[in-house]
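# Summary of structural features
Residue-level listing of the chains:
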Amino acid sequence: MIRTARTILRKDLAIELRTKESVPAMTLFTVTVFVLFHFGLDRDALEGDLASGVLWVTLLLAAVIGVSRLFAVEREQGGIDGLLLAPVDRTALWLAKATALFLYLVVLELVAVPAFALFLLGPDLLPALPVLIPILLVANIGLAAIGALVSALAAETRAPGLIVPLLLLPLVVPLLISAASATEPLLRGDQAADDLGRWLGLLSLYDVVFVLIAVAVFDFLLDD
Amino acid sequence: MYSKGLKPLSIATVVLMGASLALVFFYAPNDADQGFVQKIFYVHVPLAIVALGGFVAGGIFAIQNLRTGDRSWDARSYVAIHMSIIFGVVVLITGSIWARAAWGHWWVWDEPVLVSFLVVFLLYCVYYPLRFSIEDPDRQARYSSVFAIAAGAFVPINFAAVRMAEAFTHPRVLSQTGGSMPGDMRMTFFVCIAAVALLFITMWKLELTAKNASMQLKRLRRRLEAEAA
Amino acid sequence: MPALPLDEAGKYVAGAYVVFFTLIVLYMAIIGAKIARIDGELSELNELAEKGERQPEPDGEPVA
């Protein structure tokens, strides 16, 4: 199963490297939204909960773009039938897609977080990084797991571009709450990371639950 | 088949609803802080609890659907979710009325139950476009079940997250919603929950029976029209 | 906010309970409509069945 997942993943990454459809769009979108926030909020520098909220909401909206595109290649070129004819565990497909989305998110954040620090963040980013990076990674796992599931769910509907944001955004509210609350003290001047354990705990719980659900349930999708 | 036990169930529902109304207005004492307005709590919170239970039940029925492939479980799941959404609308409306009466605003963000419920409600509203944009009945049942399971698991996590968030931003002493309730209020509250739960189950059964009857009729019609042709 | 006086509070409480009962009554109406439709269709189908009985099929082959 792992081998199958790796093969699918390699194919997806190759396509992404060649066509550059998802990650540049997500990145450009994120930076644009930061600029929008500068104008919309009429602020030069954000800190604390406002900074945390702007960062995470923007990342989530960018993730929606990535999730919508996740099965796009298969949908457009009928590659799903080929995958399904092979005696392959559907879960491998989920694992590949989730891993791909995770990697896209990591690349996105490598650009987006410094951009955020440059355009909108008041306090210094560097001291916050050692704690911020694990938060980002744990949140990405949850996003990737649920994103791959939602993408598959929406893939067979008539309007996946509409269904994906409607499905994904409410589902990630707990993730948003935990990640934003965990990040908030990091982006304040004083850097006291209080309650980090609790929020990371909730984030991890979210990740575990939805990875398990996705694995349990994915076999029933794309079943023809 | 779905209508088994419908009569005793309906009778029990009527009895319990009557009993709870009597308890609410003639037995339970007035709340110290909110006065008479607190009576809304006896209809709003049981509705919310039962609606959430309905969503979770929808998820459990969905698990059965995926495990057995029997589409009657999908019907049970769909109707449970459908009923919960309808109850959900009433939850949000009564919650808004309560907010207005108790705190002066039609919506408040520092009631974690209300906020969590809004998120859950928005999520489940997507169930309809998802379900009805899939034409193949077998696939429709499967995809709906997948959604119902993921969303059903989401409900408790969401409540935990929102509750935690509100605890830190708005440290409120939740005096009504479960904190310290005097005995007679508590008993009234539980009777109300039981009454609303029975109401939900009765309505759910009614809906299932009606749906099943329509479907049987359609099948019968098709057979008769084919024979008469 | 201090507790509302009884007459004002009464309006809100009444409003909330009215919404709740409207739900129930509305639902009964919808189910009633459904039953009426089912009843109508059932009569139709009964007629259809009787017509089929009065004119037995000419070729006698069972419907596949």
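The structure displayed is predicted, hence computed values, not measured ones.

## Considerations on the overall build of chain B
A tally of helices and strands in chain B yields seven helices and zero strands. The order of helices and strands in chain B, counted from the N terminus, is α-α-α-α-α-α-α. Sorting the 229 residues of chain B into buried and exposed places 47% on the buried side. For chain B, long-range pairs separated by at least 24 residues make up 81% of all intrachain contacts whose partners lie at least 6 apart in sequence.

## Considerations on the interface of chain B and chain A
If you look at the interface, chain B gives 26 residues, while chain A gives 28 residues. Going through the elements one at a time, α4 (112–125), α5 (127–132) and α6 (137–169) of chain B are the ones with two or more residues in the side of chain B that touches chain A. Ranked by residue count, the leading element in the side of chain B that touches chain A is α6 of chain B, at 17 residues. A class-by-class count of the residues in the side of chain B that touches chain A yields 22 nonpolar, two polar and two charged.

## A short note on the packing of helix α3 (residues 48–69) of chain A against helix α6 (residues 90–119) of chain A
Residues and elements named next belong to chain A. Where α3 meets α6, the closest approach of the two axes is 11 Å, and the angle between their N-to-C directions is 145°. Like other packed secondary-structure pairs, α3 and α6 cross with a definite hand, here right-handed. Of α6, the residues touching α3 (which contributes Leu 55, Leu 59, Ala 62, Ala 63, Gly 66 and Val 67) are Leu 101, Tyr 104, Leu 105, Leu 108, Ala 112 and Phe 116.

## Description of the confidence of the model for chain B
Residue and element names in this part refer to chain B. Here chain B averages 83 in pLDDT, and 89% of its residues register 70 or above. Looking at the elements of chain B, mean pLDDT is at its lowest for α6, recorded as 83, and at its highest for helix α2 (residues 41–68), recorded as 91. Between residues 171–178, whose pLDDT stays under 50, and residues either more than four places distant or in other chains, the model counts ten contacts.

## What to know about the interface of chain C and chain B
At the junction of the two partners, chain C supplies 27 residues and chain B supplies 32 residues. Each residue belonging to the side of chain C that touches chain B can be placed in one class, and the counts come to 21 nonpolar, three polar and three charged.

## Section: the environment of Ser 96 of chain B
Residue and element names in this part refer to chain B. By the secondary structure assignment, Ser 96 is in helix α3 (residues 71–103). Residue classification places Ser 96 among the partly exposed positions, given that 18 C-beta atoms sit within 10 Å. Ser 96 sits eleven residues away from Trp 107 along the chain, and the two C-alpha atoms are 5.6 Å apart. Look past the residues within four positions of Ser 96 in its chain and what remains in contact with it is Trp 106 and Trp 107.

## Overview of the packing of α3 of chain A against helix α9 (residues 173–183) of chain A
Residue and element names in this part refer to chain A. Look at α3 against α9: their axes get within 9 Å of each other, and the N-to-C directions meet at 145°. Regarding α3 and α9, the two cross each other, and that crossing is right-handed. Across the interface between the two elements, Ser 52, Gly 53, Leu 55, Trp 56 and Leu 60 from α3 touch Leu 176, Ala 179, Ala 180 and Thr 183 from α9. For the contact of α3 with α9, the residue count by class is six nonpolar, three polar and no charged.

Conventions and cut-offs
- Residues numbered from 1 in each chain as written.
- Chains lettered and ligands numbered in written order.
- Predicted model: local features only at pLDDT ≥ 70, side-chain atom pairs only at ≥ 80, totals over all residues.
- Helix = DSSP H or I, 4+ residues; strand = E, 2+ residues; numbered from the N terminus.
- Buried ≥ 20, exposed ≤ 12 C-beta atoms within 10 Å, placed from the backbone.
- Contact = placed C-beta atoms within 7 Å.
- Nonpolar A, V, L, I, M, F, W, Y, C, P; charged D, E, K, R; others polar.
- Axes fitted to C-alpha atoms, helices over the stretch in contact; angles between N-to-C directions.
- Left-handed = near helix turned anticlockwise from the far one by under 90°.
- pLDDT = per-residue confidence, 0-100.

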